[in-house]
Amino acid sequence: MGMDRSGLADFVRRCRTRLAPADVGLPHGARRRTPGLRREEVAQLAGMSTDHYTRLEQARGSRPSRQMLSALARALRLTGDERDHLFHLAGEVEPRDLPATDHVRPGLLLVLDRLTDTPAQVVSDRGDVLAQNAMSKALSGDASARPEAERNLVRRFFTDPAARGLFPADEHEHAARVAVADLRATLAARPDDARLAGLVRRLRAGSEEFAALWEAHDVALRRTDVKRFLHPVVGLLELDCEVLLSPEHDQRLVVYTARPGSESRERLELLRVVGLQELTLG
């Protein structure tokens with residue numbers, strides 16, 4: 001299947017110009033001479049260089065990888081059908097063979113983009129971080145900056161001491177049991193999901209703790225509505241956790257809020273300031 005360079009260039013340009021900064025959580029800023037996002041803004045959202053994206057719009061870029069196409073589809077807030085069309089224009093087989101959890105629904109991104117003062121992220125039912133707002137990145141790090149295999153929250157919790165260190169030690173056991181129970185429920189619902197089965201297989205082989213919990217076969221554990229985070233700059237944060245499920249229940253919008261007047265609320269505000277400074281300096 002060949003790449004339609006001119007068709008791809010026209011399609012991504014049209015998708016870019018239909019988006020306003022507010023649609024993707026960006027400040028409007030100064031008056032714009034042309035409608036839509038700037039090229040550098042789309043490139044930043046997709047995690048690619050501005051030069052690479054510009055060449056794509058000018059029909060002279062190299063063939064994007066499937067991972068880059070998926071990132072571009074998220075950045076441009078494409079629907080499932082539009083994402084398939086993007087893959088087709090790039091000369092790639094449409095990603096219908098991939099689980100739906102790989103593509104963040106525009107509706108969830110629309111809500112995420114409007115949450116500017118509290119951490120929020122979209123997570124698949126496998127535990128893959130699919131999208132974060134700036135506050136979420138300030139709280140737990142930018143998942144998109146890690147290799148794709150290391151964006152899974154469960155994998156990092158059981159294999160990366162730094163990721164586990166984000167939570168108080170007295171909550172590690174409960175968090176581990178909840179994570180394993182969630183994976184068990186997801187695998188029971190989608191036994192043919194090869195990526196999910198592979199994740200479980202690797203974790204059972206690489207973590208004795210995970211293997212023991214998997215054998216225990218715990219399900220339906222009580223989940224706490226309050227999550228505690230140990231942030232290296234602002235200290236301990238006690239945050240209320242709200243989880244909104246997509247209609248198919250395969251994606252979750254997770255939102256963390258601090259109670260008004262609490263010390264955690266003050267620390268969350270400090271985190272917002274620190275996070276914005278880091279984004280500006282970066």
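Residues numbered from 1 in each chain as written. Predicted model: local features only at pLDDT ≥ 70, side-chain atom pairs only at ≥ 80, totals over all residues. Heavy atoms only, no water.

S.K.: I would appreciate a short explanation of the overall build of the protein chain in the present structure.
M.R.: Of regular secondary structure, the protein chain possesses 13 helices and five strands. By principal-axis analysis of the C-alpha atoms, the protein chain measures approximately 55 × 45 × 30 Å. With 282 residues in all, the protein chain has 46% of them scored as buried. For the protein chain, the accessible area works out to roughly 14,900 Å², and carbon and sulfur atoms hold 53% of it. When the 43 positive and 42 negative side-chain charges of the protein chain are each reduced to one mean point, those points stand 5 Å apart. (Helix = DSSP H or I, 4+ residues; strand = E, 2+ residues; numbered from the N terminus. Buried < 20%, exposed > 50% of the residue type's maximum accessible area, 1.4 Å probe, protein only. Areas by Shrake-Rupley, 256 points an atom, 1.4 Å probe, with all protein chains shown as cover. Lys, Arg positive; Asp, Glu negative; His and termini not counted. Charge placed at Lys NZ, Arg CZ, Asp CG, Glu CD.)

S.K.: Explain the nonpolar core to me, please; I cannot follow it from the model alone.
M.R.: Note on soluble globular proteins: their nonpolar side chains tend to be buried together. By size, the foremost hydrophobic cluster in this structure holds 25 residues, and its most contacted members are Leu72, Leu76 and Leu86. The biggest single contributor to this core is helix 4 (residues 66–75), with six residues. Every residue in contact with Leu76, bar those within four places of it in the chain, is listed here: Val12, Cys15, Arg16, Arg18, Leu19 and Val42. (Core = buried A, V, L, I, M, F, W, Y, C linked by side-chain atoms within 4.5 Å. Contact = heavy atoms within 4.5 Å.)

S.K.: Help me understand the packing of aromatic side chains, please; the structure alone is not making it clear to me.
M.R.: Ring pairs (aromatic) are described by centroid distance and by the angle formed between their planes. Enumeration according to the criterion identifies six aromatic pairs in this entry. When the centroid spacing of 5.2 Å and the interplanar angle of 85 degrees are considered together, the rings of Phe158 and Phe210 count as edge-to-face. Residue Phe158 is found in helix 8 (residues 153–159), and its partner Phe210 is found in helix 12 (residues 208–216); the two are separated by 52 residues along the sequence. Each member of the pair Phe158 and Phe210 is classed as buried. With a centroid separation of 5.4 Å and 45 degrees between ring planes, the pair formed by Phe167 and Phe229 is classed as tilted. (Phe/Tyr/Trp six-rings, centres within 6.5 Å; stacked < 30°, edge-to-face > 60°.)

S.K.: Explain the side chain of Glu41 to me, please; I cannot follow it from the model alone.
M.R.: Mapped onto the elements, Glu41 comes out in helix 2 (residues 39–46). Those residues in contact with Glu41 that sit more than four places away from it in its chain are Leu26 and Arg32.

S.K.: I'm lost on helix 4 in this one. Help?
M.R.: Since the α-helix advances by 3.6 residues per turn, residues separated by three or four positions end up pointing in the same direction. Burial runs high along helix 4: eight of the 10 residues are buried. Taken as a whole, helix 4 has its buried residues at Met68, Leu69, Ser70, Ala71, Leu72, Ala73, Arg74 and Ala75. Residues of helix 4 that are buried sit in contact with helix 1 (5–17), helix 2, helix 3 (50–57), helix 5 (80–89), helix 6 (106–113) and strand 2 (129–132). Positive backbone phi, at 60 degrees, marks Arg77, one or two positions downstream of helix 4.

S.K.: How should I be thinking about unusual backbone geometry in this particular structure?
M.R.: Leave glycine aside and you will find that most residues have negative phi; peptide bonds, for their part, are mostly trans. Of note in this structure, Ala59 is not a glycine but carries a positive phi near 60 degrees. Secondary-structure assignment places Ala59 in the loop between helix 3 and helix 4. Of note, the phi angle at Arg77 is positive, near 60 degrees, even though the residue is not glycine. Relative to the helices and strands, Arg77 resides in the loop between helix 4 and helix 5.

S.K.: Help me understand the sheet that holds strand 5 (residues 251–257), please; the structure alone is not making it clear to me.
M.R.: The pairing of strands in a sheet comes from backbone hydrogen bonds and takes either a parallel or an antiparallel form. With antiparallel pairing, the five strands of this open sheet are ordered in space as 2-1-5-4-3. What marks the edges here is a single partner per strand, and that holds for strand 2 and strand 3 (226–231). Taken pair by pair, the neighbouring strands of this sheet meet at an average axis angle of 30 degrees, ignoring direction. Pairing between strand 1 (residues 120–124) and strand 2: three bridges, direction antiparallel. Bridging from a neighbouring strand, Val123 pairs with Val129 of strand 2. (Pairing = 2+ DSSP bridges. Axes fitted to C-alpha atoms, helices over the stretch in contact; angles between N-to-C directions.)

S.K.: Got a minute to help me understand the pattern of salt bridges in this structure?
M.R.: Close approach of charged atoms allows side chains with opposite charge to pair. Enumeration over the complete set of coordinates arrives at 26 salt bridges. Two residues, Arg190 and Asp125, come together in a salt bridge whose shortest N-O distance is 2.6 Å. Note that Arg190 is positioned in the loop between helix 10 (172–189) and helix 11 (194–206) and Asp125 in the loop between strand 1 and strand 2, a separation of 65 residues in sequence. Classification of Arg190 as partly exposed rests on a relative accessible area of 23%. Arg252 is the salt-bridge partner of Asp182, the closest N and O atoms lying 3.7 Å from each other. In this pair, Asp182 is assigned in helix 10 and Arg252 in strand 5, connecting sequence segments 70 residues apart. The network of salt bridges with common partners includes Asp125, Arg126, Asp128, Arg190, Asp193 and Arg195. (Salt bridge = Lys/Arg side-chain N within 4 Å of Asp/Glu carboxyl O.)

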